Amino acid sequence: MLKIRNGRDFVGGATMILVGLLFIWFGRELEAGNSFQMGPGYFPTMLSLILMALGALIIGQSLVVEAEQDGPETWNWKAYGLVILAPIGFGLVLAGLGLAPTMFFLIVGVASASRYANWRHSILLGLFLAACCVLLFTKLLSLPVSAFGPWVPFVGGLS
Amino acid sequence: MDIFSNLWLGASTAFLPMNLFYGFIGCLLGTAIGVLPGLGPTATIAMLLPITFGLPPESALIMLAGIFYGAQYGGSTTAVLINLPGESSSVVTAIDGYQMARNGRAGAALATAALGSFFAGTVATILLAVAAPPLASVALNFGPAEYFSLMVLGLVASVALASGSLLKAMAMIVFGLLLGTVGTDVESGTPRYVFDVPELYDGLNFVAVSMGIFGICEILRNLENEQERSVGVKRVTGLMLTREDFRRIRWPVLRGTALGSFLGVLPGGGAMLASFASYAMEKRLSPNGAEFGKGAIEGVAAPESANNAGAQTSFIPMLTLGIPGNPVMALMVGAMILQGITPGPNVISDEPDLFWGMIVSMWSGNLMLVILNLPLIGLWVRMLTVPYHLLFPAIIGFCCIGAYSINNSVFDVFVMAGFSVVGFALSKMRFEPAPLLLGFILGPMLEENLRRAMLISQGDPTIFVRSPLSLSLLLVAVVVLGLVLSPSISRKREEAFTE
C-alpha cells in the first residue's frame, strides 16, 4: 500500500504537473511545427512535458523517501494578505491619488502587518517616505506621476 | 604588454570622479544591505535598476557591482559581532568569527575578514582581467549549437550546485524557462500566453519578477517569525593582527581564494557555495582543525577570502559569454540590456571602456571597502538597531515604485505582486527560487539558439554532437549530472551542505 511520506513534496510535484498542464492548455493554439522548422509552440510544449515528468518523479520520491523533520510551519495570514494586497492597492490608486498620498497609505497600511507596529511610528514613517519619494522620483527622476492626483481636492493635478 | 594598456584604459574610466562616486555609493549601500538581514543584494539591485536608467552605463554597472561585493563585506561584520550573518555567504563566518569575538578578539576577526577579502578580491580581479579576453575570443566563434550546449551545461551545473533536492531544482529551471516563453515569439511574431494583455507582448518583466520572488517574498517569510532584535555589542578594539595571526591565516587565505575563484566561475556557484566549501576544506587541512568552531582564525580567513573571490569571478561568464551564473548576474545582464548593451563576447571589443572600467572599479571598490569598513563598524552596528517593522514597509514602498518606474506602468506592480505569491507558494513547498530566475533569463536565448541550430542542420539533432566544442560541453554536462546522481557523491554533497 503506497503511503504519502512527504506531503510537502507530494503537493509540490502535483503543482508542477498542474503548471505543465496549464501551459499546454493555454498554448494549444500555438503551432508546434516540426524539429526542422520549430513553431512557436514547440519549445513550450516540450518544456511542459519535461516539467510534468519532473513533477511525477517528485511525487514518486515523496512516496518512497520519508520527510525530514523540521519545525512546524507557522502561518501569518494577516501579514500575507496585507503585504500582497499592498502593491495591488498601490497600482490601483496611484493614477488617481498621486504619489504622495498613495505612498503614505501604502506604508501605514502595510506596517500594520507587523506585530510590533505602532501607529505613531507608522504615520511618521509614511510621511517621511512619501516626502522622500516625491522629492526623488517626481522632482529628481521626473517620473510621469504627479505628487497629488486628480482625486485630491484643491491641490490635486497641480503636481 | 596588452593587459597593462587595457588596465590603464580601465583605470582612466574607473577613476573618473563620477565613477568613483557611484562606486562609493554602491559599496556603501552594499555594506548597509549586507549588514541588514532580510534584505539581500538581489532584491536591492532589482529595486535600484530603474533608478540607474538615467546614469551612463559605466556608472550604473559600477554602482550595481559595488552593491554586490559590498554586501559580502557587510554580511561578515554582523556575523562576527553578533552572530547574525547578514548574507547567506557569511553564515560559516559566524561560526568561528563570533567565538573569536566572545574571546575578546572581535577586532582581529574583522581585520582578518577585511584583509582576506581584499587579497581575494585583488587576485580575482587580476584573474578576471587575464582570463576574460581569451574566453571571449573563443566565444566569438560559437555558433547556435555551441551556445545551446553551453547554456545546457550552465543550467545543469547550477542544479548540481544548488542546495536541496535535485529534482526540485530541475523543476524550477524548467518552470523558469516556461515563464521565459511568455510574450511575442521572436522568430514568428506569434504572441504566446499573453491573454490579450498588451503589456505582456514584451514578456514578463524580469525586474518585476525578481522583486516579487526575492524582495516581497522574503518579507512574507520574515513576518512569519518576527522577532525583535536585541543588539548588544561591546566596543571593538585591537584591529591589529599579530605576527602569529599572519602566519596562521597565510595558507587559508590562499586556499580560500583559489577555491573561491574556481567555484565562482561555475554557474550556480558564487559566493555562498565558495564560503561553505572552503570552510569544510580548511577544517580538514588545517593543523589547527580541532580548534574550528571554537574561534579559529583560519575559520574566518578561509571562507571570507573564498566568498569574495567567488563573488568577483562570477562576473567572468557574465561578461565574456553573456551567461549569468547566479541571480545577481542575471540582474546585471538585465541592467546592460536596459542600457542598450548586448551582453556577450562582443562587449570587450565594442565597449572596452565599460568592460575594463568595471574590472578596475572592482579593485578600487575593494580598497574603498577596506578603508570604509574598519573605521565605520560602529555605524554599521547601529544600523542594526533600526527595527524590522520600520524597515519592511520602506522596502515594499520602494519595490512598488521601482516596479512602476520600469515602464511607467502599474502593470509591472501587479506582476510583482503576483510573483510574490508564486515565490511564496514555491518556498512553502521547499523549492529554491534562484534556479527559476536563471531559467527565466536564459529561456529566450536557449530557445533562439535551439531553433537556429535545428534550422541550420535541417532538423538533424546530431548537430549538437558533431561540433567538437558543443559535444564536449554536453559531455561535461552529462558527467556533472552523472556525478551528482551517483549515490556516493550525493551523500558527500549532502554532508557538505549540512556542515
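For clarity, every value in this text was computed on a predicted model and none was experimentally measured. (Residues numbered from 1 in each chain as written. Chains lettered and ligands numbered in written order. Predicted model: local features only at pLDDT ≥ 70, side-chain atom pairs only at ≥ 80, totals over all residues. Heavy atoms only, no water.)

Draft legend 1. The overall build of chain B, seen in detail. Regarding its fold elements, chain B presents 22 helices and two strands. Whereas a compact globule of 499 residues would reach a radius of gyration of roughly 23 Å, chain B reaches 22 Å, a difference of no more than 12%. Look at the contacts in chain B between residues 6 or more apart in sequence, and 78% of them connect residues 24 or more apart. Approximately 18,300 Å² of chain B is accessible, and the part contributed by carbon and sulfur atoms is 66%. Charged side chains in chain B number 25 positive and 31 negative. The centres of these two groups are separated by 14 Å. (Helix = DSSP H or I, 4+ residues; strand = E, 2+ residues; numbered from the N terminus. Rg over C-alpha atoms; globule rule 2.2 N^0.38 Å. Contact = heavy atoms within 4.5 Å. Areas by Shrake-Rupley, 256 points an atom, 1.4 Å probe, with all protein chains shown as cover. Lys, Arg positive; Asp, Glu negative; His and termini not counted. Charge placed at Lys NZ, Arg CZ, Asp CG, Glu CD.)

Draft legend 2. Region of interest: the environment of Ser470 of chain B. All names here are of chain B. Tracing the sequence through the fold places Ser470 in helix 21 (residues 468–485). Look at Ser470 and you get buried, because its relative accessible area is 0%. When neighbours within four sequence positions are excluded, Ser470 is seen to be in contact with Ala145, Glu146, Ser149 and Phe464. (Buried < 20%, exposed > 50% of the residue type's maximum accessible area, 1.4 Å probe, protein only.)

Draft legend 3. Representation of the interface of chain A and chain B within the structure. Contact with chain A, which involves 63 residues of that partner, is made by 65 residues of chain B. Taken together, the two surfaces of chain A and chain B that pack against each other cover about 5,700 Å², and 79% of this comes from carbon and sulfur. Taken as a group, Phe23, Phe43 and Tyr116 of chain A account for 12% of the area that chain A buries against chain B, more than any other trio of residues on that side. Put simply, chain A and chain B have one salt bridge between them. Close ionic contact of Lys168 of chain B with Asp9 of chain A constitutes a salt bridge, the shortest N to O distance being 2.5 Å. Inspection of the chain A/chain B interface yields six residue pairs in polar contact (both at pLDDT 80 or more). Secondary-structure elements contributing two or more residues to the side of chain A that touches chain B are helix 1 (7–26), helix 2 (42–64), helix 3 (77–97), helix 4 (99–111) and helix 5 (119–140) of chain A. Split by residue class, the side of chain A that touches chain B holds 45 nonpolar, 13 polar and five charged. (Buried area = accessible area lost by both parts, 1.4 Å probe. Salt bridge = Lys/Arg side-chain N within 4 Å of Asp/Glu carboxyl O. Polar contact = N/O pair within 3.5 Å; in protein donor to acceptor, adjacent residues only side chain to side chain. Nonpolar A, V, L, I, M, F, W, Y, C, P; charged D, E, K, R; others polar.)

Draft legend 4. Spatial organisation of the packing of aromatic side chains. Tallied over the entire structure, the rule returns 15 aromatic pairs over all chains. When the ring of Trp75 of chain A is compared with that of Trp77 of chain A, the centres are 5.4 Å apart and the planes differ by 10°; the resulting orientation is stacked. Using a relative accessible area of 46% as the deciding quantity, one classes Trp75 of chain A as partly exposed. The rings of Trp75, Trp77 and Tyr80 of chain A together with Phe424 of chain B are connected pair by pair, giving a single aromatic cluster. Sitting over the ring of Trp25 of chain A, Arg28 of chain A keeps its end group 3.9 Å from the ring centre. The ring of Trp75 of chain A has Lys428 of chain B sitting right over it, with the charged end atom 4.0 Å from the ring centre. (Phe/Tyr/Trp six-rings, centres within 6.5 Å; stacked < 30°, edge-to-face > 60°. Lys NZ or Arg CZ within 6 Å of the ring centre and 35° of its normal.)

Draft legend 5. Structural context of the packing of helix 5 (residues 91–102) of chain B against helix 11 (residues 271–285) of chain B. All names here are of chain B. Two elements in contact, helix 5 and helix 11, have axes whose closest approach is 8 Å; the angle formed by their N-to-C orientations is 45°. The orientation of helix 5 with respect to helix 11, classified from their angle, is oblique. Residue-level inspection shows Val91, Val92, Ile95 and Asp96 of helix 5 in contact with helix 11, the latter providing Ser275, Phe276 and Tyr279. Tallied by class, residues from the contact of helix 5 with helix 11 come to five nonpolar, one polar and one charged. (Axes fitted to C-alpha atoms, helices over the stretch in contact; angles between N-to-C directions. Parallel < 35°, antiparallel > 145°, perpendicular 65-115°, else oblique.)

Draft legend 6. Quick look at helix 3 of chain A. Counted at 1.5 Å a residue, the expected span for helix 3 of chain A with its 21 residues is 30 Å, and the 28 Å between its end C-alpha atoms agrees. When the local axis directions of helix 3 of chain A are compared, the greatest deviation, roughly 30°, occurs at Gly91 of chain A. Listed in full, the buried residues belonging to helix 3 of chain A are Ala79, Tyr80, Val83, Ile84, Ala86, Pro87, Phe90, Gly91, Leu94, Gly96 and Leu97 of chain A. At its buried positions, helix 3 of chain A is contacted by helix 4 of chain A together with helix 9 (206–224), helix 17 (388–407) and helix 18 (411–428) of chain B. Trailing helix 3 of chain A by a residue or two, Gly98 of chain A shows a phi angle of about 90°, which is positive. (Expected span 1.5 Å × (residues − 1). Bend = angle between axes of the 7 residues up to and from the residue.)

Draft legend 7. Examining the side chain of Asn308 of chain B more closely. Residue and element names in this part refer to chain B. The topology assignment puts Asn308 in helix 12 (residues 298–313). A distance of 2.9 Å separates a polar atom in the side chain of Asn308 from the backbone oxygen of Ser117. Within the structure, the side chain of Asn308 is placed 3.1 Å from the side chain of Asn366, a separation counted as a polar contact. Ignoring sequence-local partners within four residues, the contact set of Asn308 consists of Tyr69, Gln72, Tyr73, Ser117, Ala120, Gly121 and Asn366.

Draft legend 8. Quick look at the domain arrangement of chain A. Each assigned domain of chain A is listed here: domain 1 (7–64) and domain 2 (77–140). A separation of 39 Å is found between the C-alpha centroids of domain 1 of chain A and domain 2 of chain A. (Domains from an automatic or database assignment.)

Draft legend 9. Layout of helix 4 of chain A. Between its terminal C-alpha atoms helix 4 of chain A stretches 18 Å, which fits the 18 Å expected from 13 residues at 1.5 Å a residue. With ten of 13 residues buried, helix 4 of chain A is to be regarded as a mostly interior element. Those residues of helix 4 of chain A not exposed but buried are Leu99, Ala100, Pro101, Thr102, Met103, Leu106, Ile107, Val108, Val110 and Ala111 of chain A. Residues of helix 4 of chain A that are buried in the fold lie against helix 3 and helix 5 of chain A together with helix 17 of chain B.

Draft legend 10. Fine view of unusual backbone geometry. All names here are of chain B. At Phe195, a residue that is not glycine, the phi angle is positive and equals roughly 50°. Inspection of the secondary structure puts Phe195 in the loop between strand 2 (191–192) and helix 9. Notably, Asn408 is not glycine yet its phi reads approximately 55°, a positive angle.

Draft legend 11. Quick peek at the pattern of salt bridges. The full count for this structure, using the stated rule, is 14 salt bridges over all chains. Through salt bridges with shared partners, a single network forms among Asp185, Arg192, Glu447 and Arg451 of chain B.

Draft legend 12. The side chain of Ser420 of chain B, seen in detail. By secondary structure assignment, the location of Ser420 of chain B is in helix 18. Taking relative accessible area as the criterion, Ser420 of chain B reaches 1% and is therefore assigned buried. For Ser420 of chain B, the side chain forms a polar contact with the main-chain oxygen of Ala417 of chain B, separated by 2.6 Å. The residues touching Ser420 of chain B, leaving out its near neighbours within four places in the chain, are Ile84 of chain A together with Gly212, Ile216, Cys217 and Leu220 of chain B.

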